[in-house]
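# Survey of secondary and tertiary structure
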Amino acid sequence: MSAITNLADPMDSLQQLVIDATTEIGDAISIDQLDAIDTTLMGRGSSISEARRGLGAIKDPDERRDTGRAINDVANQIKDLVTAKRSTLVATEEAAALAADRVDVTLPGRIPPRGTHHLITQTIDEIVDIFVGLGYTMARGPEAETEFYNFTAMNIPETHPSRHESDTLYLDYGEKDGGVLLRTHTSPMQARYMEQHDPPVYVVVPGKVFRSDAVDSTHSPVFHQIEGLAVDHNITFADLKGTLATFAREFLGKDTKVKFIPHYFPFTEPSAEMHAYSNGRWIELLGCGMVNPAVFEHVGYDPSAVTGFAFGMGPERLAIIRHGITDIHGNNDLRPLLDPDQRILRQYV
Ligand code: YSA
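Before going into details, it helps to say that this report is about the structure given with it. As the structure is a prediction and not an experimental result, all values here were calculated from the model.

The secondary structure content of the chain amounts to twelve helices and ten strands. The C-alpha atoms of the chain give 45 Å as radius of gyration, which overshoots the globular expectation for 349 residues (20 Å, by more than 25%). Taking the principal axes of the C-alpha coordinates as reference, the chain spans close to 135 × 50 × 35 Å. When the 349 residues of the chain are sorted by exposure, 41% land in the buried category. Counted over contacts in the chain with a minimum sequence separation of 6, partners at least 24 positions apart contribute 63%.

A side chain of one charge can pair with a side chain of the opposite charge if their charged atoms are brought near each other. Across all of its chains, the model carries ten salt bridges by this definition. For Glu 284, the salt bridge identified is with Arg 317, shortest N-O distance 3.8 Å. Of this pair, Glu 284 sits in strand β9 (residues 281-291) while Arg 317 sits in helix α10 (residues 315-322), and the two are 33 residues apart along the sequence. Classification of Glu 284 by relative accessible area gives partly exposed; the value is 31%. Classification of Arg 317 as buried rests on a relative accessible area of 15%. Taken together, the shared-partner salt bridges connect Asp 62, Arg 65 and Asp 66 into one network.

On to the packing of helix α8 (residues 237-252) against α10, then. Relative to each other, α8 and α10 sit at 45°, their axes nearing to 10 Å. In terms of their interaxial angle, α8 and α10 are classed as oblique. Facing Phe 247, Phe 251 and Leu 252 of α8, the residues of α10 in contact are Leu 318, Ile 321 and Arg 322. A class-by-class count of the residues in the contact of α8 with α10 yields five nonpolar, no polar and one charged.

Another aspect to go through is the packing of aromatic side chains. Applying the stated rule across the entire model yields ten aromatic pairs. With a centroid separation of 5.6 Å and 85° between ring planes, the pair formed by Tyr 136 and Tyr 202 is classed as edge-to-face. Of this pair, Tyr 136 sits in the loop between α5 (119-133) and β1 (137-138) while Tyr 202 sits in strand β5 (residues 201-210), placing them 66 residues apart in sequence. Residue Tyr 136 is classed as buried on the basis of its relative accessible area of 6%. Assessed through its relative accessible area of 30%, Tyr 202 is described here as partly exposed. With a centroid separation of 5.1 Å and an interplanar angle of 65°, the aromatic rings of Tyr 277 and Trp 282 are classed as edge-to-face. Overall, Tyr 277 belongs to the partly exposed group, its relative accessible area being 36%.

Further remarks concern the nonpolar core. Counting 37 residues, the largest nonpolar core has Phe 131, Phe 311 and Met 313 as its most contacted members. The element contributing the most residues to this core is α5, with seven residues. Not counting chain neighbours up to four residues away, the residues in contact with Phe 131 comprise Tyr 136, Val 204, Thr 243, Leu 244, Phe 247, Phe 311 and Met 313. Met 154, Ile 156, Ala 191 and Val 231 belong to the second largest nonpolar core, which has 25 residues in total.

Scoring rules and cut-offs
- Residues numbered from 1 in each chain as written.
- Predicted model: local features only at pLDDT ≥ 70, side-chain atom pairs only at ≥ 80, totals over all residues.
- Heavy atoms only, no water.
- Helix = DSSP H or I, 4+ residues; strand = E, 2+ residues; numbered from the N terminus.
- Rg over C-alpha atoms; globule rule 2.2 N^0.38 Å.
- Buried < 20%, exposed > 50% of the residue type's maximum accessible area, 1.4 Å probe, protein only.
- Contact = heavy atoms within 4.5 Å.
- Salt bridge = Lys/Arg side-chain N within 4 Å of Asp/Glu carboxyl O.
- Axes fitted to C-alpha atoms, helices over the stretch in contact; angles between N-to-C directions.
- Parallel < 35°, antiparallel > 145°, perpendicular 65-115°, else oblique.
- Nonpolar A, V, L, I, M, F, W, Y, C, P; charged D, E, K, R; others polar.
- Phe/Tyr/Trp six-rings, centres within 6.5 Å; stacked < 30°, edge-to-face > 60°.
- Core = buried A, V, L, I, M, F, W, Y, C linked by side-chain atoms within 4.5 Å.

See below:
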């Protein structure tokens, strides 16, 4: 840039300043750069302000006035050039920001991954469907249950070991009906349902249950049961066996071998367990029996007018048999069902 005071003719140097400033301002590529040029051209140490300071040294008043006017003209020209360039740069920078933020509304949307029911839920739904097909309805009950319904109404004596804290998880909700606990089976819903409904009753009740069980290949401390209850006139043990064997063949395949072995439950008499043959061994699927008349009395049914059977099955065990879920040695194992690993779960969508 020319220094006006260094040139012999100040008018020439003002002309040169405009030429140089026009090029410099025209070449600016950002507002920051333009601000810096503006300061150099018009600021305190600039040629323009130096020239203004030098005006006092011009003795001739006409020459001083003409030089002063010429300096002001040049200053105004530079100001106009900076203003024009600034609006061009603002428009360019805005256009660039808009282009960077542009949303392409024609792009295809991102499809969120689709969830599915866990295999245990699928198993429960399928089992309930089979019983609905046999004429049963479905009900649900509370997971936090009273000691009365979980044990007493099911004819389980005060001294029974399953009432101990080593087997049952008690909740700290006061002493109502003997105390509150996490239900250890779905059987309390037998009593709750019969209190609310007159016979005949054909109902299944799926739900979560809790026990102080250690995890192993067939046990989990939190698992599911599906309770079944049929109460009518003249229901016999043959009805129980026929219903449960039909269910097993429907769910596990028509060649499924099942066996009933005697067992003891305080709420059924006689009682049995049904086992299924799978993978070279028998595996217990459910407990069952003819409803004990003492249970009918607890709920206000006349034990001389009705009979019934009941069962409680474990869907986790049914799922591992049905889908061949095993440990690395090939033995049925429910632990993979408790694992949130997507690589396992995705196999059962
Ligand atoms: C029996 C007679 C009836 O008239 C009605 C219901 C019953 C079943 C009884 N309430 C009961 O809970 N029996 S049980 O302790 O043997 O459990 C029933 C089924 O739940 C078992 O056959 C098994 O399939 C499953 N099970 C039990 N403990 C388990 C389990 N599944 C996974 N983890 C556990 N810890």
